[in-house]
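Tertiary structure, described
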Amino acid sequence: MSMTMRRAAALGARHILASSAASSRLTSRRHMGSVNAAAAMEKIRAAGLLRTQGLIGGKWVDAYDGKTLEVQNPATGEVLANVACMGNRETSDAIASANTTFYSWSKLTASERSKALRKWHDLLISHKEELALLMTLEQGKPMKEALGEVNYGASFIEYFAEEAKRVYGDIIPPTLADRRILVLKQPIGVVGAITPWNFPLAMITRKVGPALACGCTVVVKPSEFTPLTALAAADLALQAGIPAGALNVVMGNAPEIGDALTQSTQVRKITFTGSTAVGKKLMAGSANTVKKVSLELGGNAPCIVFDDADIEVAVKGSLAAKFRNSGQTCVCANRILVQEGIYEKFASAFVKAVQSLQVGNGLEESTSQGPLINEAAVQKVEKFVDDATSKGANIILGGKRHSLGMSFYEPTVVGNVSSDMLLFREEVFGPVAPLIPFKTEEEAIQLANDTNAGLAAYMFTKSIPRSWRVSEALEYGLVGVNEGLISTEVAPFGGVKQSGLGREGSKYGMDDYLEIKYVCMGNLS
């Protein structure tokens, strides 16, 4: 038997033994989780925020054919709710509603739109706990992170409520004395917003906030894994006075909904956060109607730790960048590049920090690592780890499914990863931290840029000149220097290369929802 086969056999045996030894403990924890989940669901129902129908023209509606889809708790496998499974016809009606409402919503003053958005923000914050519970139940992230996402998501609504009043035009000096040249910025029209499951609130508010602020109307298609948070947020938008038809939500058959949005001549813009593969399809589908497209796609973020870095700062920052949401974010540190002089010291400190992460149901207060979203996600992580070990990498910590079962996976550190491995080439989207040694600054930059992705990058160094040199050399839209958490509503978020087009957040986030109109006024003498 080869070394690889023996390793695989031993790994399989460990999986069986761990599963057997933990069976009674697992049953107990599942029961405890289900009790907590029942109490959480009751609190959400009592707040009136458990919606299972789509929102079209201000009305809550079932799928026209009566079809539903299950929303499951990834920590327990329990069905939380059955929601309407919609498709082309419902999406077409949602587009028509948004198109009709656009003509009235866009004519309101910026101040009037701002006030409605501000009320929505306030309602999101006042229902912070219920929204966080809902997010933890359907997505799996720990409550602490879910509460953080509610604050983060609401911050976009607050920010763009203020930016609504700052959409300025321009006056250009004319070339002839009897002419005046004006530049106006006007809302683009109906927006189709397609959002992912990993941030079921913030990825919606980051798109809907600027769209509504500009005077656009929106049809949102949330992930079929996490529609409940989207529906609850939309309910609060109605309560805030966002008019019927300005915000619509349809979920279910993703290909049908996507085709309806891309093929409609009434939809003037598509905004999407998700995989690069789907983003390319949406971009191609939008070509026939020449829509404006903004895409925030996959990442393969490098995290460079130079030998002059503060080890404590680097470990803390790398841990935050890698393991937030159990590694399920597009800006997670996917490759941790460590200079040879401190590789062993950093690896030792980093592993110790990872060992302190508590895996469990997100409703439990001690949990810092929840489950992956589903079984397919776990299988992808297993594939990447197996590929790395078969090519010479070594598992320093973890490397297998967690004894809790379901879609839980152990926080993992893999050493001596090289560029021929999937862990280097592609986005793992799970709690696996690959450590990659490098010698020189030039090599680190080359390794970091050796990817089609270009969303986020991180570095740790005490050298100010180096921080400037490397920041400018990295082919990424976002760069964190001595910091692992860099997302904020006041800064432009987006990637280069195949990580997308356009920017979200900040004053630049308004531009993707506005058209520039030039007006030439003649015969003024």
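- Where an unreviewed UniProt entry is consulted, the chain appears under the name Succinate-semialdehyde dehydrogenase, with the organism given as Lolium multiflorum.
- Under Pathway (unreviewed entry), UniProt gives the following word-for-word description of the chain: "Amino-acid degradation; 4-aminobutanoate degradation."
- Checking UniProt for the chain, the heading Subunit (unreviewed entry) contains the comment "Homotetramer."

1. Quick look at the sheet that holds strand β12 (residues 301–305)
- Spatially, seven strands are ordered β14-β15-β16-β13-β12-β17-β18 in an open sheet, and the strand pairing comes out mixed. Each edge of the open sheet carries a strand with a single partner, namely β14 (394–397) and β18 (478–481). Here the average twist between neighbouring strands, direction ignored, is 25°.
- Sheet analysis places strand β13 (residues 333–339) next to strand β16 (residues 432–438), joined by four bridges and oriented parallel. Bridged to Leu337 within β16 is Ile436.
- Strands β12, β13 and β16 of the sheet are contacted by helix α15 (residues 441–449), whose axis makes an angle of about 165° with β13.

2. Overview of the environment of Ser467
- Among the structural elements, Ser467 can be located in helix α16 (residues 464–473).
- Of the residues examined, Ser467 reaches a relative accessible area of 14% and is grouped as buried.
- When the C-alpha atoms of Ser467 and Ala457 are compared, they prove to be 12 Å apart, with ten residues separating the residues in sequence.
- With residues up to four places along the chain from it excluded, the contact list for Ser467 reads Met459, Thr461 and Val481.

3. Section: the sheet that holds strand β20 (residues 514–521)
- Here we have three strands laid out as an open sheet, ordered β5-β6-β20, and antiparallel in their pairing. Edge positions in the sheet fall to β5 (170–172) and β20, since each has one partner strand and no second. The sheet shows a mean angle of 25° between the axes of neighbouring strands, direction not considered.
- Sheet topology note: the β5/strand β6 (residues 180–187) ladder contains three bridges and is antiparallel. Residue pairing for β6: Ile171 is matched across the bridge by Leu182.

4. Observations regarding the UniProt feature "active site" (unreviewed entry) in the chain
- Taking the numbering used here, the UniProt-annotated feature "active site" (unreviewed entry) corresponds to Glu296.
- Relative to the helices and strands, Glu296 is located in strand β11 (residues 292–296).
- You can call Glu296 buried: its relative accessible area is 5%.
- Dropping the residues within four chain positions of it, Glu296 is found in contact with Met203, Arg206, Phe272, Thr273, Gly274, Cys330, Leu455, Phe493 and Ser499.
- In terms of polar contacts, Glu296 uses its side chain to reach the side chain of Arg206, at 3.0 Å.

5. Overview of the pattern of salt bridges
- Using the criterion set out here, one finds 21 salt bridges in the structure.
- Residues Glu504 and Lys207 are paired through a salt bridge, measuring 2.7 Å at the closest nitrogen-oxygen approach. Linking Glu504 in the loop between β19 (500–501) and β20 with Lys207 in helix α7 (residues 202–214), this pair joins segments that are 297 residues apart in sequence.
- For Asp450, the salt bridge is made with Arg425, and the minimal N-O distance between the two is 3.1 Å. One end of the pair, Asp450, is in the loop between α15 and β17 (456–460); the other, Arg425, is in helix α14 (residues 422–425), and 25 residues separate them in sequence.
- Arg425 gets classed as partly exposed once you look at its relative accessible area, which sits at 35%.
- Via salt bridges that share partners, Asp307, Asp308, Glu441, Arg466 and Arg469 belong to a single interconnected network.

Basis of the calculations
Residues numbered from 1 in each chain as written. Predicted model: local features only at pLDDT ≥ 70, side-chain atom pairs only at ≥ 80, totals over all residues. Heavy atoms only, no water. UniProt positions renumbered as here; feature names shortened; annotations may be inferred. Pairing = 2+ DSSP bridges. Helix = DSSP H or I, 4+ residues; strand = E, 2+ residues; numbered from the N terminus. Axes fitted to C-alpha atoms, helices over the stretch in contact; angles between N-to-C directions. Contact = heavy atoms within 4.5 Å. Buried < 20%, exposed > 50% of the residue type's maximum accessible area, 1.4 Å probe, protein only. Polar contact = N/O pair within 3.5 Å; in protein donor to acceptor, adjacent residues only side chain to side chain. Salt bridge = Lys/Arg side-chain N within 4 Å of Asp/Glu carboxyl O.

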